[in-house]
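Spelled out, the chains give:
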Amino acid sequence: MDNRCKYLIVGGGMTADAAARAIRELDKDGKLIMLSSEPHPPYDRPPLSKKLWAGKPLDSIWRNTAELGIELRLNTRAVVSDGKRLSDGHGNVYTCDRLLLATGGTPRHLPFADPDVIYFRTMEDYLRVRALAADHASFIVIGGGFIGSEIAAALAMYGSKVTMIFPERGLGARIFPAGLSGFLNSQYRDRGVDLLPEENVSAVVRTGAKTAVTTRSGKTLNADAVIAGIGIEPEVSLAKALGLVVDNGIIVDKYLRTTREDIYAAGDVANFYSSALGHRRRVEHEDNANSMGTVAGRNMAGESEVYDHLPYFYSDLFDFGYEAVGEFASDYDIIEDWTEPFRKGVVYYLRSGRVRGVLLWNTWGQIDAARGLISAPGQVDAESLRGRISG
Ligand SMILES: Cc1cc2nc3c(=O)[nH]c(=O)nc-3n(C[C@H](O)[C@H](O)[C@H](O)COP(=O)(O)OP(=O)(O)OC[C@H]3O[C@@H](n4cnc5c(N)ncnc54)[C@H](O)[C@@H]3O)c2cc1C
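The rules behind these values
Residues numbered from 1 in each chain as written. Predicted model: local features only at pLDDT ≥ 70, side-chain atom pairs only at ≥ 80, totals over all residues. Axes fitted to C-alpha atoms, helices over the stretch in contact; angles between N-to-C directions. Helix = DSSP H or I, 4+ residues; strand = E, 2+ residues; numbered from the N terminus. Left-handed = near helix turned anticlockwise from the far one by under 90°. Contact = placed C-beta atoms within 7 Å. Core = buried A, V, L, I, M, F, W, Y, C linked by C-beta atoms within 7 Å. Buried ≥ 20, exposed ≤ 12 C-beta atoms within 10 Å, placed from the backbone. Pairing = 2+ DSSP bridges. Near = placed C-beta within 6 Å. Nonpolar A, V, L, I, M, F, W, Y, C, P; charged D, E, K, R; others polar. Domains from an automatic or database assignment.

Caption draft 1: Structural context of the packing of helix 1 (residues 14–26) against helix 6 (residues 286–300). The geometry of helix 1 relative to helix 6 is characterised by a closest axis approach of 7 Å and an angle of 35° between their N-to-C directions. Helix-helix and strand crossings are classified by hand; for helix 1 and helix 6 the assignment is right-handed. Residue-level inspection shows M14, T15, A16, D17, A18, A19, A20, R21, A22, I23 and L26 of helix 1 in contact with helix 6, the latter providing E286, A289, N290, M292, G293, T294, A296, G297, R298 and M300.

Caption draft 2: Spotlight on the nonpolar core. Core analysis: the largest hydrophobic core is formed by 47 residues, its most contacted members being I9, A19, L100, L101, L256, A265 and A266. A total of seven residues in this core trace back to one element, the largest contributor, which is helix 1. In contact with I9, other than residues within four places in its own chain, are A16, A19, A20, L32, M34, L100 and A102. In this structure, L48, F176, L195 and A225 belong to the second largest nonpolar core, which totals 43 residues.

Caption draft 3: Inspection of the pairing of strand 25 (residues 354–361) at higher detail. Most of strand 25 is tucked away: seven of the eight residues are buried. Where strand 22 (residues 320–326) lies against strand 25, five bridges are found, and the strand directions are antiparallel. Residue pairing in the sheet places E323 in a bridge with L360 of strand 25. By the bridge criterion, seven bridges tie strand 24 (residues 344–351) to strand 25 in an arrangement that is antiparallel. Along strand 25, the bridge assignment pairs V346 with L360. Taking the residues that link successive antiparallel strands as the turn, the strand 24-strand 25 hairpin has two residues, and the phi of S352 there is positive, at about 50°.

Caption draft 4: The site of the ligand, seen in detail. As a matter of local geometry, the ligand sits amid 36 residues, with G11, G13, G104, G267 and H285 nearest to it. Elements represented by at least two residues in the shell around the ligand include exactly helix 1, helix 6 and strand 21 (312–317). Grouping the constituent residues of the shell around the ligand by class yields 14 nonpolar, 13 polar and nine charged. Residue-level mapping places the shell around the ligand at the junction of two domains, with at least three residues from each of domain 1 (4–106 + 232–300) and domain 2 (109–228).

Caption draft 5: Summary view of the domain arrangement of the chain. The domain architecture assigned to the chain consists of domain 1 (4–106 + 232–300), domain 2 (109–228) and domain 3 (319–385). For domain 1 versus domain 3, the distance between C-alpha centres works out to 31 Å.

Caption draft 6: Quick peek at the sheet that holds strand 25. Overall, antiparallel pairing links the five strands, which are arranged 21-22-25-24-23 in an open sheet. Looking at which strands have only one partner, the edges of the open sheet turn out to be strand 21 and strand 23 (333–340). When the angles between neighbouring strand axes are averaged without regard to direction, this sheet yields 15°. Lying on the sheet, helix 7 (residues 367–375) is in contact with strand 21, strand 22 and strand 25; it crosses strand 25 at an angle near 165°.

Caption draft 7: Spotlight on the pairing of strand 9 (residues 138–142). In terms of burial, strand 9 is largely enclosed, as four of its five residues are buried. Here strand 9 runs beside strand 10 (residues 161–165); their pairing, made up of five bridges, is parallel. Residue pairing for strand 10: S138 is matched across the bridge by K161. Note that strand 9 and strand 15 (residues 225–228) share four bridges and pair parallel. Bridging across to strand 15, I142 finds its partner in A228.

Caption draft 8: Looking closely at the environment of R24. Tracing the backbone through its elements, the reader meets R24 in helix 1. Remark: the alpha-carbon pair of R24 and G229, spanning 205 residues in sequence, is separated by 35 Å. Leaving out residues up to four positions away in the same chain, R24 has contacts with L68 and G69.

Caption draft 9: Summary view of the sheet that holds strand 9. The strand order 8-15-9-10-11 describes an open sheet built from five strands, whose pairing is parallel. Each of the sheet's edge strands pairs with one partner strand only, and the pair in question is strand 8 (117–119) and strand 11 (194–196). Each adjacent strand pair in this sheet contributes to an overall mean axis angle of 25°, direction not counted. Here strand 8 pairs with strand 15 via three bridges, running parallel. Considered in strand 15, the bridge of V117 is made with V226.

Caption draft 10: Main features of the environment of R4. Structurally, the position occupied by R4 is in strand 1 (residues 4–10). As a C-alpha pair, R4 and V93 span 89 residues in sequence and 8.5 Å in three-dimensional space.

Caption draft 11: Layout of unusual backbone geometry. Phi is positive for N75, which is not a glycine, with a value near 55°. Tracing the sequence through the fold places N75 in the loop between strand 3 (71–73) and strand 4 (79–81). Phi angles above zero are rare outside glycine, and N362 is one such case at about 50°. Mapped onto the elements, N362 comes out in the loop between strand 25 and helix 7.

Have a look at this one:
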């Protein structure tokens, strides 16, 4: 196998695909190798916890990356051997002119041995959970953030028995205002999901056909399967082994170059400077993966494009949906502007008199208006925000 190439992309997610696509638009023939540790070619990840459960066909989520005329090597985990050479651990050493690290994130694990927990992130996880659900399994979902809330809603809509355990008082409580979070709790309960808020898991033990989950307050619950969505850690092991600077992700400059000129990083793994927000951040969302991957690819192919995009993110929970731009925490100064309480409205997140984030709850087509508010210079009169954006 000839492992010399012009472009090497490590990662098989949406960022990797977006970068390969962007490279091919500028360079039709330059040899491009993509290494992915997953057994499947790149696919859209968000439908795994949403639309695939609501009837979207599995075929619709593949990104068709191989059609770009690249060498896509699946089941191939890149490692650094001899302190500097990139290899697949099976004797194949890769050399390239430009390298992109699009290694994404690895699910955070519970702080104890947990062989029976499904940390939901990949197609393989989806296929496993789907087979269990089709077999009428009951589920315990640990975590009340993005992934936990989405997969619990998806399973409940599919007809599965679901219990959620999470440490906060309400679903999404880290970012949603208390009223909205409490409303979500009641909506989940109304749809048959059992909730155990303000509980931490202390043990998960397989006993026969069931798995027992014990909470710190001493409760024990049984289910056929346990899923956890408790966040991710940026997958920086390769970057560290290559001697790159890492600090909550791989540090990149405005052109998405790491601390080595020929190595780029993008997507969930990259820590970049947000000019709109005025500080460095790492974003774990689809729009960022696609747009940052695109800019990284273009720059690898010779452009000098600055990444100054303010990405948005979105989620679907039962019949509620939202888009959101900026940064969010429930302890920001929050202005809630509801057209219909907790069913449709806009929530503004402020710090030091500036809009830092805008949550568009069942409010569509307003992402650019939200971006405009966040990028606007100077302080804003918080009360003047009411009615500023409406869907
Ligand atoms: C279930 C789920 C639902 C989501 N829903 C939404 C949503 O509704 N809205 C939204 O905005 N975002 C959502 N996201 C987040 C979004 O999917 C991520 O931001 C995006 O997938 C990040 O893409 P990435 O390519 O940077 O990283 P990843 O998707 O993590 O891809 C990284 C890839 O690199 C591979 N890899 C890592 N290390 C190596 C190595 N050493 N060698 C070879 N390959 C390696 C991995 O196997 C993987 O294929 C969701 C995520 C999940 C898991």
